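Remarks on the overall topology
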Amino acid sequence: MKERYLLELDLRRVPSLAPDVVMCGSGIAALSAALVAAENASVMLVTKGQALESNTFYAQGGIAAALSEDDSPENHLQDTLNVGCGLCDEEAVRKLVTEGPDLVRQLIEWGTPFDRAEDDRLHLTLEGGHGQRRVAHANGDATGRAIEQSIAARVREHPNITFLENHFAIDLLHKDGVCYGLLALESKTARVLKIEAKATVLATGGLGQIYRETTNPDVTTGDGMAMAFRAGATVQDMEFVQFHPTTLYVAGARRFLISEAVRGEGAWLLNEKGERFMQRYDERAELASRDVVSRAIMLEMEATGSTNVYLSVAHLDAKMIRERFPNILEALKKYRLDLTKDRIPVRPACHYTMGGVRTDLHARTDVHRLLAAGEVTSCGVHGANRLASNSLLDGLVFGREAGKQALALAQEPQPTFPEKKVQPIRGKDEIPIDVDDVRASLKSLNNRAAGIVRDRETMANALRMLDFWQNYVYSEEFATTKGLELQNMLGCSQLVIRSALRREESRGAHQRRDFPETDDARWKQHLTYNRKEFE
Ligand code: FAD
Ligand code: SIN
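Here is a short report on the structure shown in this document.

Description of the packing of aromatic side chains
Centre-to-centre distance and the angle between the planes together describe a pair of aromatic rings. Applying the stated rule across the entire model yields five aromatic pairs. Taking 6.2 Å as the distance between ring centres and 90° as the angle between the ring planes, the aromatic pair formed by Phe 277 and Tyr 281 counts as edge-to-face. Note on Tyr 281: relative accessible area 30%, which makes it partly exposed. The side chain of Arg 347 reaches across the aromatic face of Tyr 249, ending 4.9 Å from its centre.

Comments concerning the layout of surface pockets
Empty space within the second largest pocket amounts to approximately 510 Å³. Considering the residues around the second largest pocket, the lining is formed by 24 residues, among which Met 298, Glu 302, Ile 452, Val 453 and Arg 513 are closest to the centre. Every element with two or more residues in the lining of the second largest pocket is listed here: α8 (290–304), β17 (344–353), α12 (435–449), β22 (453–454) and β23 (511–512). A per-element tally of the lining of the second largest pocket places α8 first, with six residues. Looking at the lining of the second largest pocket residue by residue, the classes come out as ten nonpolar, four polar and ten charged.

Quick word on the sheet that holds strand β11 (residues 191–196)
Taken in spatial order, the four strands line up as β2-β11-β10-β9 in an open sheet, and their pairing is mixed. One side of each edge strand has no neighbouring strand; the edge strands of this open sheet are β2 (16–17) and β9 (167–175). Where β2 meets β11, two bridges bridge the pair, whose relative direction is parallel. Note on β11: the bridge partner recorded for Leu 17 is Ile 195. This element, helix α14 (residues 481–502), spans β9 and β10 (178–186) of the sheet and lies at about 50° to β9.

Quick look at the sheet that holds strand β20 (residues 377–378)
Strands belonging to one sheet form pairs held by backbone hydrogen bonds; the direction of such a pair is parallel or antiparallel. The four strands are arranged β20-β18-β13-β24 in an open sheet whose pairing can be described as mixed. The open sheet is flanked by β20 and β24 (528–529), the only strands paired with a single partner. Across two bridges, strand β13 (residues 235–236) lies against β24 in antiparallel orientation. From the neighbouring strand, Val 235 faces β24, where its bridge partner is Tyr 529. Helix α6 (residues 223–230) rests against β13, β18 (356–358) and β24 of the sheet, and its axis sits at about 40° to β18.

Quick look at the pattern of salt bridges
Counted by the stated rule, this structure contains 48 salt bridges. Notably, a salt bridge pairs Glu 74 with Arg 94, separated by 3.2 Å at the nearest N-O pair. Residue Glu 74 is found in helix α3 (residues 73–83), and its partner Arg 94 is found in helix α4 (residues 90–109); the two are separated by 20 residues along the sequence. For Arg 94, a relative accessible area of 34% corresponds to the partly exposed category. Between Arg 400 and Glu 99 there is a salt bridge; the shortest N-O distance is 3.2 Å. Highlighted residues: Arg 400 in helix α11 (residues 391–410) and Glu 99 in helix α4, separated in sequence by 301 residues. Take Arg 400: its relative accessible area is 25%, and that puts it in the partly exposed class. What you see here is one network of salt bridges that share partners, running through Lys 95, Glu 99, Arg 400, Glu 401 and Lys 404.

What counts as what
- Residues numbered from 1 in each chain as written.
- Chains lettered and ligands numbered in written order.
- Predicted model: local features only at pLDDT ≥ 70, side-chain atom pairs only at ≥ 80, totals over all residues.
- Heavy atoms only, no water.
- Phe/Tyr/Trp six-rings, centres within 6.5 Å; stacked < 30°, edge-to-face > 60°.
- Buried < 20%, exposed > 50% of the residue type's maximum accessible area, 1.4 Å probe, protein only.
- Lys NZ or Arg CZ within 6 Å of the ring centre and 35° of its normal.
- 1 Å grid on protein atoms, 1.4 Å probe; cavity = no way out; pocket = protein on both sides within 12 Å on 5 of 7 lines; lining within 4 Å.
- Points joined across faces, edges and corners; volume = space filled by probe spheres on them.
- Helix = DSSP H or I, 4+ residues; strand = E, 2+ residues; numbered from the N terminus.
- Nonpolar A, V, L, I, M, F, W, Y, C, P; charged D, E, K, R; others polar.
- Pairing = 2+ DSSP bridges.
- Contact = heavy atoms within 4.5 Å.
- Axes fitted to C-alpha atoms, helices over the stretch in contact; angles between N-to-C directions.
- Salt bridge = Lys/Arg side-chain N within 4 Å of Asp/Glu carboxyl O.

Spelled out as C-alpha cells, the structure:
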C-alpha cells in the first residue's frame with residue numbers, strides 16, 4: 001500500500017488550539033462522548049459539515065434494547081451473537097446489551113419523543129434477526145433525527161463544549177504510537193488548524209460512500225478509518241460491509257432507505273412476477289437477517305432478469321402504515337408512489353461498516369491517547385453481520401465509554417506534539433485530476449468487486465485498478481475536502497478488498513462465489529491490518 005502525499009506545513013505558523021479533548025464527528029457516538037468528557041474537561045467537536053449532518057440523523061427503524069418486561073439483555077445477546085456468525089466478541093456484546101437499556105431511558109429523560117402504544121408503554125417494533133419486538137422508534141420512522149436533536153440540544157448548551165462545524169479533519173498528529181490531536185481544514189477558507197489535545201476521539205462513522213449504491217449521506221467517506229490507519233492504529237474485519245436489502249430503486253432518485261421496520265410490521269417482498277419469494281430462502285421469510293435477505297433478492301433478480309424486486313404493504317392496514325412510516329410515505333410521494341397501495345421498487349445497497357478501527361472494551365485503539373467509538377470502529381459487537389438497530393446503541397454505549405476514557409486522560413498534563421513541521425512523505429505532483437470522475441469510477445468498481453457476492457478474479461483486478469489510481473491520486477496535494485476524501489476512499493477501498501480477498505470463505509455479510517462455505521477451522525478469526533505490515 002502506498003503513502004499519500006501530505007501537505008508540507010510549518011506547524012509553528014499554523015493557528016493552533018488546545019482543548020483538553022478533541023472529538024471528530026457529530027453523530028451519536030461523538031455527542032455521547034462529548035457530554036461525558038465535558039463533565040470536567042474542555043471539549044472541542046470538529047465536524048466536516050453542518051452540526052447534525054451524519055448517518056445518525058437519517059436512522060429510521062429505531063434503537064434496539066431489552067426494554068420490555070418479557071425481554072432480557074440475555075435474549076438480546078443471543079440474537080446479536082447469532083446474526084454475527086461467530087465473530088462477535090461476547091464480552092463486548094454483553095456490555096452493549098446490559099448498559100444499553102439505561103442509556104435509552106436517559107434519552108427519554110432528555111426528551112427524545114419515542115413512540116408509545118395506546119397503554120402508554122413504549123411501542124416496540126420488530127426487525128430482521130430479532131427474536132422479539134425490541135426496537136424503540138421515534139416520530140414513526142425518524143428515530144435518528146429525534147435522538148440526534150435531543151443530544152445535540154444538551155451539547156449546545158454545555159459550557160465546556162465548543163462545536164467547530166465545516167472543519168474537515170485531515171490527519172492525526174502522531175508520533176511513535178502516541179496521538180497528540182489533529183489537523184483540520186476549514187472548508188470555506190482552506191485554512192489549516194492545529195488542534196492539540198490530551199485525548200483525541202474518532203467518531204467519524206463508516207465508509208458507505210465508497211460504493212455507488214449506498215444509503216449513507218455524502219459525509220460518510222471512511223476518513224476516520226483512513227486517518228487511524230495512517231497513524232498506526234490497527235484496523236479489523238474490513239471485509240464485512242452490510243448491504244441493506246430494501247433501498248428505493250427509481251432512476252434519478254437517491255438510494256433512499258425503506259426501513260426494515262416496514263417488513264417488521266408485515267411487508268412482503270415480491271419478485272418481478274408478483275410472487276413472494278423469501279420463504280423459499282429462509283423460514284423467517286422477510287425477517288431473516290440482512291445478509292440472507294440481500295442475497296435472496298440478488299438471486300431473485302438474476303432468476304427473473306430484473307434490476308429490482310418490490311416491497312408491498314397493500315395487504316396491511318393503511319392507517320397503521322401512515323402513522324408508523326410518515327417520512328417514508330412523504331419521500332415516496334415525490335416519485336408518485338403511494339406506500340399504502342403501490343409496489344415499491346427496491347434493491348440492496350451498502351448500508352453499514354462492521355469493520356473499522358480495532359478498539360477494546362474501553363474504546364481504546366492501539367495508539368496511545370487515541371480513542372474511537374461508533375461505526376468507525378470494530379469494537380466486537382457486530383461480528384460478521386450487524387443485528388438491525390444495534391448501531392445507534394453501539395454509538396451510545398461505546399461513545400459514553402470513549403468519553404469516560406477521554407475524561408481520565410484529560411486530568412493528565414498537556415503533551416506537546418514534538419514535531420515542528422509536517423514533512424511530506426513523498427514528492428508532490430501537480431497533475432490535473434477530475435476528482436468527481438475518479439470518485440464515480442471508484443464507487444462503481446467497489447459495487448462490482450466488493451458487493452454482495454465476491455470472487456478472487458474480480459477483486460484481484462480491482463486491486464490492480466486501485467493501485468493504478470493511487471499512483472497519481474496519492475501524489476497530489478489537495479486543499480479541498482473532496483480531494484482529501486478521495487484519498488481516504490481509495491485507502492479504505494484497498495483495505496476492504498484486500499481483506500475480502502484474504503478471507504477465503506463465506507460468512508455473514510462476506511460471501512464468496514468461489515468459497516461458498518463457512519470454514520471455521522481456518523477463518524473463525526478477525527483479520528487485521530496495520531500499516532507496519534506494509535513498510
Ligand atoms: P455518524 O452518525 O455517521 O457520524 C459521523 C460524523 O463524523 C458525521 O458528523 C460526519 O460529518 C463526521 N465526519 C466524518 N469524517 C470527518 C472528517 N474527516 N472530519 C470531520 N468530521 C468528519 N442504525 C440503527 O441502529 N437504527 C436505525 O434505525 C438505523 N437506520 C439507518 C438509516 C440510514 C439511512 C443509515 C444511513 C444508517 C442507519 N443506521 C441505523 C446506522 C446508524 O445510523 C449509524 O451506524 C450510526 O448513526 C453511526 O453513528 P456514528 O456516531 O458512529 O457516526
Ligand atoms: C432500518 O430502519 O431498516 C435501518 C435499521 C438499521 O440499520 O439498523
